[in-house]
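# Tertiary structure, described
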Amino acid sequence: MVAMQALNKHFGSLHVLKDIELEIMPGEVVVVIGASGSGKSTLIRCINGLEEFQQGSLMVDSKALLPHGKSGKALQKIRTEVGMVFQQFNLFPHLSVIDNISLAPMKVRGWSRADALETSQRLLERVGISDQADKYPAQLSGGQQQRVALARALAMEPRLMLFDEPTSALDPEMIGEVLDAMRELAKEGMTMVIVTHEMGFAREVADRVIFIHHGEITEQGPPEKLFDKPQHERTQSFLARVL
Ligand code: ADP
Ligand code: MG
């Protein structure tokens with residue numbers, strides 16, 4: 001689903017991603033961990049072309065994203081196939097919940113309003129908030145808003161889902177409901193790349209955990225291996241701080 005080779009990304013003089021090699025298989029759930037500023041967001045934002053990179057190659061679902069943002073039509077195609085959920089929910093404040101979800105399928109996929117509404121309602125049920133369809137984002141709790149954001153991404157029938165700290169802006173009592181919805185999605189076989197500090201969730205759901213330090217993949221492996229027997233001193237000291 002993703003093949004990244006020798007990918008390098010700079011912000012001006014700052015070398016943010018260094019020779020990243022990353023392959024993600026269909027159905028795999030990959031959790032990315034690392035200290036603040038290590039490049040986690042930049043890494044996953046490269047996968048849907050939200051950030052340009054300068055060197056290396058990147059294939060997403062067999063379509064090439066080219067360096068310097070020169071991907072052309074492939075970028076449009078990839079954006080329709082890759083869903084993303086952010087820390088800040090980024091819902092359209094002036095649209096109802098159901099309209100937030102049905103907008104993109106209608107505009108981008110050309111679905112009829114009736115089809116889009118039916119699918120949106122089904123997705124709201126799936127994330128456990130079917131009774132909130134006609135509310136506006138500001139009328140919902142953070143946990144509900146994030147589940148709307150998840151439903152909105154799923155409405156495009158993505159082949160890959162990216163999550164950038166989806167629970168970091170939530171009050172503690174709302175984290176569980178969002179993680180539950182993500183857990184369900186993982187069970188259904190969705191390919192997922194998740195940046196999170198929820199180590200318990202990572203241990204339970206991830207097929208593979210990747211530890212990034214200063215823009216480099218220092219270590220990766222199945223959660224039991226990475227969490228219980230980290231090989232690298234940097235991984236050990238990071239985990240000692242967060243676990
Ligand atoms: P993380 O998500 O792991 O906290 P980021 O990928 O957001 O890290 O950032 C990696 C590094 O790149 C940090 O040093 C950050 O300050 C820098 N950075 C991120 N976005 C930009 C930007 N748009 N312009 C310049 N520097 C940036
Ligand atoms: Mg980040």
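Just above sits the structure.
Described in the following lines is the structure provided in the data block. (Residues numbered from 1 in each chain as written. Chains lettered and ligands numbered in written order. Predicted model: local features only at pLDDT ≥ 70, side-chain atom pairs only at ≥ 80, totals over all residues. Heavy atoms only, no water.)

Take the pairing of strand β10 (residues 216–221) next. In this sheet, β10 lies alongside strand β9 (residues 208–213) in antiparallel orientation, the contact comprising 5 bridges. Within β10, the residue paired with V209 across the bridge is G221. Between β9 and β10, which pair antiparallel and follow one another directly, the connecting turn spans 2 residues, one of which, H214, has a positive phi of 50°. (Pairing = 2+ DSSP bridges. Helix = DSSP H or I, 4+ residues; strand = E, 2+ residues; numbered from the N terminus.)

Looking now at the site of ligand 1. The full set of residues close to ligand 1 is F11, L14, V16, A35, S36, G37, S38, G39, K40, S41 and T42. At 3.0 Å from an oxygen atom of ligand 1 is found a main-chain nitrogen or oxygen belonging to G39. S41 places a side-chain nitrogen or oxygen 2.8 Å from an oxygen atom of ligand 1. Notes on ligand 1: free accessible area 560 Å², of which the protein chains cover 59%. For the shell around ligand 1, the secondary-structure elements that each account for two or more residues are β2 (14–24) and α1 (40–47). Partitioning the shell around ligand 1 into residue classes produces 4 nonpolar, 6 polar and 1 charged. (Near = heavy atom within 4 Å. Polar contact = N/O pair within 3.5 Å; in protein donor to acceptor, adjacent residues only side chain to side chain. Areas by Shrake-Rupley, 256 points an atom, 1.4 Å probe, with all protein chains shown as cover. Nonpolar A, V, L, I, M, F, W, Y, C, P; charged D, E, K, R; others polar.)

The values are spatial; any link to function lies outside them.
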